[in-house]
Amino acid sequence: MCRSKAVYFTEEDDNMIIKLMKTYGKFTNRFVIINGLMNEKFTNSQISERWRNYLNPELCKEDLGYYEKVIIDDKVQKILVTSVKIRWREVIRELLRLFGKLYSENKIKNYWNLKYRNKMKKDLKNDAKKETKPKSCSSKYSKGKSEEYRFKPY
């Protein structure tokens, strides 16, 4: 079967994944099993991502609150001190532990990336304001302003 780049889950696909997760959700290879039962319409990763970000009934659909955002900022900053790569699962676990809410990875990433992008734009804007224009050359080096530096024929 040829797979195109664009993958669209229908409501029927979503319902099938939810039903199969109730049955096979405890297995370590649950997405491989579900993929096989769905005739390999999607990849294991696509099914896993769909479950983690949209279909899991335990997901909190509310917007992030002020304190959740503070925890995300703090946790990500701590991770970035020791690593270049942000481990989003750690951030999700911390929010679950502190607030009892399971947020999707996409929601947390979207918040962080939007904040980071806005911060970068603001920093670039401030840097551009701080830069001063280079001072113009003094008049003795300017063209035509001083007689002593003009070319004089012999």
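Definitions and limits used
Residues numbered from 1 in each chain as written. Predicted model: local features only at pLDDT ≥ 70, side-chain atom pairs only at ≥ 80, totals over all residues. Heavy atoms only, no water. Helix = DSSP H or I, 4+ residues; strand = E, 2+ residues; numbered from the N terminus. Buried < 20%, exposed > 50% of the residue type's maximum accessible area, 1.4 Å probe, protein only. Phe/Tyr/Trp six-rings, centres within 6.5 Å; stacked < 30°, edge-to-face > 60°.

A.B. asks: Outline unusual backbone geometry, listing residues and values.
C.D. replies: Generally, phi is negative for residues other than glycine and the peptide bonds are trans, each holding for most cases. With a phi angle near 60 degrees, asparagine 39 is a residue other than glycine that sits in the positive phi range. Mapped onto the elements of the fold, asparagine 39 is located in the loop between α2 (30-37) and α3 (44-55). You will see that glutamate 40, though not glycine, has its phi angle at about 50 degrees, which is positive. Mapped onto the elements of the fold, glutamate 40 is located in the loop between α2 and α3. On the accessibility criterion, glutamate 40 (46% relative accessible area) is partly exposed.

A.B. asks: So what's going on with the packing of aromatic side chains? Which residues, and what values?
C.D. replies: By convention here, two paired aromatic rings are described through the distance between centres and the angle between planes. In the structure shown here, the tally under the stated rule is four aromatic pairs. Each ring, one from tyrosine 24 and one from phenylalanine 27, has its centre 5.8 Å from the other, and the planes form 55 degrees; the classification is tilted. Look at tyrosine 24 and you get partly exposed, because its relative accessible area is 24%. Taking the centre distance of 6.4 Å and the plane angle of 20 degrees together, the rings of tryptophan 112 and tyrosine 116 count as stacked. Placement of both tryptophan 112 and tyrosine 116 in helix α6 (residues 105-130) is noted, with a separation of four residues, approximately one turn of the helix.

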